[in-house]
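Residue strings, one per chain:
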Amino acid sequence: MSMATTMLVIKPVSPLICQSRRARLNHRTTHTPLHRVMTHPTTCLGSVAPSATKSPVDDFDPELPIEEALTPPSSWYTDPSFLDLELDRVFYRGWQAVGYTDQVKSPQDFFTGRLGNVEFVVCRDENGKIHAFHNVCRHHASLLASGSGRKSCFVCPYHGWTYALNGALLRATRIKGIRNFDVKEFGLVPLKVATWGPFVLLNFEKDVSPAHKVESDIAAKEWAGSCVDILGNSCIDPSLTYLCSREYTVECNWKVFCDNYLDGGYHVPYAHKGLASGLKLDSYSTTVDQPAVPMILTDLERKLFMLSFIPIS
């Protein structure tokens with residue numbers, strides 16, 4: 001019998017994500033003639049001015065002992081601008097686990113996903129190299145691919161622009177006579193990608209060059225911090241293989257989900273009575289280790305990251 005690994009990935013979704021077309025417009029250009037299309041379109045990774053949330057963030061002290069910890073203000077869980085700040089400072093910085101290497105095991109394999117408002121596609125080209133790109137056509141910002149599977153190229157369903165698995169633009173329709181159009185300047189916008197064990201990691205930072213090869217150990221250390229030393233590649237059972245993915249939309253702020261998962265079984269006797277009957281919860285203990293916080297984070301950003309380790313009162 002085949003065994004399977006399970007990876008829980010929290011993907012915060014902006015309140016505006018239902019307006020997916022509008023979100024993708026951040027990738028597109030203005031209504032100009034084709035030969036004036038911008039070479040480097042902006043993405044939806046814009047930051048929120050820290051001043052709007054300066055006071056509540058500064059009031060949070062991750063060094064307080066748990067006996068003195070207070071519940072963060074409700075605005076941290078409900079204010080869309082605060083979620084935008086978290087996306088920019090926490091999720092769009094550093095490395096994020098987005099899938100498994102088994103999903104791109106063979107040439108032409110691909111899978112897609114979304115983090116916040118950012119659509120991405122990961123694929124393996126004919127030479128066996130793994131690539132990651134913004135899953136957005138450079139012409140009119142249509143999504144190129146969905147789900148997972150195998151493709152020899154990516155064809156835009158809107159106007160037929162075609163891209164190779166290495167991101168190069170292969171075909172742009174109806175551009176005859178257009179001046180100053182350089183095909184080399186209109187490839188897919190790349191994302192930095194790395195692998196560690198069975199995990200595929202992406203880095204969404206705009207100032208990180210995707211062309212620079214990253215060693216897997218370095219990416220893993222930045223992603224999981226001291227947990228890499230605890231786990232190590234030897235702790236990942238090679239007999240475990242990827243079978244499938246299931247996505248569930250949970251109607252809550254992402255921190256509430258983390259709080260529930262990290263409360264040390266506090267809720268189990270009441271919310272999961274059947275499970276509780278087979279456990280000795282009194283024998284469980286919680287050890288707080290160093291979280292994987294990128295060294296480049298400012299004090300404000302570290303406080304945001306530490307939020308997920310503070311329980312709700």
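For the structure, see preceding data.
Residues numbered from 1 in each chain as written. Predicted model: local features only at pLDDT ≥ 70, side-chain atom pairs only at ≥ 80, totals over all residues. Heavy atoms only, no water.

So what's going on with the pattern of salt bridges? Which residues, and what values?
Taken as a whole and judged by the stated rule, the model has 4 salt bridges. For Glu-86, the salt bridge is made with Lys-255, and the minimal N-O distance between the two is 2.7 Å. Here Glu-86, found in helix H4 (residues 80-91), pairs with Lys-255, found in helix H7 (residues 254-261); they are 169 residues apart in sequence, far enough to count as distant. With respect to burial, Glu-86 and Lys-255 carry one shared label: buried. Two residues, Arg-150 and Asp-109, come together in a salt bridge whose shortest N-O distance is 3.1 Å. Taken as a pair, Arg-150 in strand E6 (residues 148-150) and Asp-109 in strand E3 (residues 109-115) lie far apart in primary sequence, 41 residues in all. Owing to a relative accessible area of 52%, Arg-150 belongs among the exposed residues under this scheme. One connected set of salt bridges, linked through shared partners, spans Asp-88, Arg-89 and Arg-93. (Salt bridge = Lys/Arg side-chain N within 4 Å of Asp/Glu carboxyl O. Helix = DSSP H or I, 4+ residues; strand = E, 2+ residues; numbered from the N terminus. Buried < 20%, exposed > 50% of the residue type's maximum accessible area, 1.4 Å probe, protein only.)

Quick rundown of the pairing of strand E5 (residues 130-134)? Include the residues and the values.
For E5, a buried count of 5 out of 5 residues is recorded, marking the element as mostly surrounded by other parts of the structure. Pairing between strand E4 (residues 118-124) and E5: 5 bridges, direction antiparallel. Looking at the pairing, Phe-120 lines up with His-134 of E5. Taken together, E4 and the strand that follows it, E5, pair antiparallel across an intervening segment of 5 residues, in which Gly-128 is found at a positive phi of about 90°. (Pairing = 2+ DSSP bridges.)

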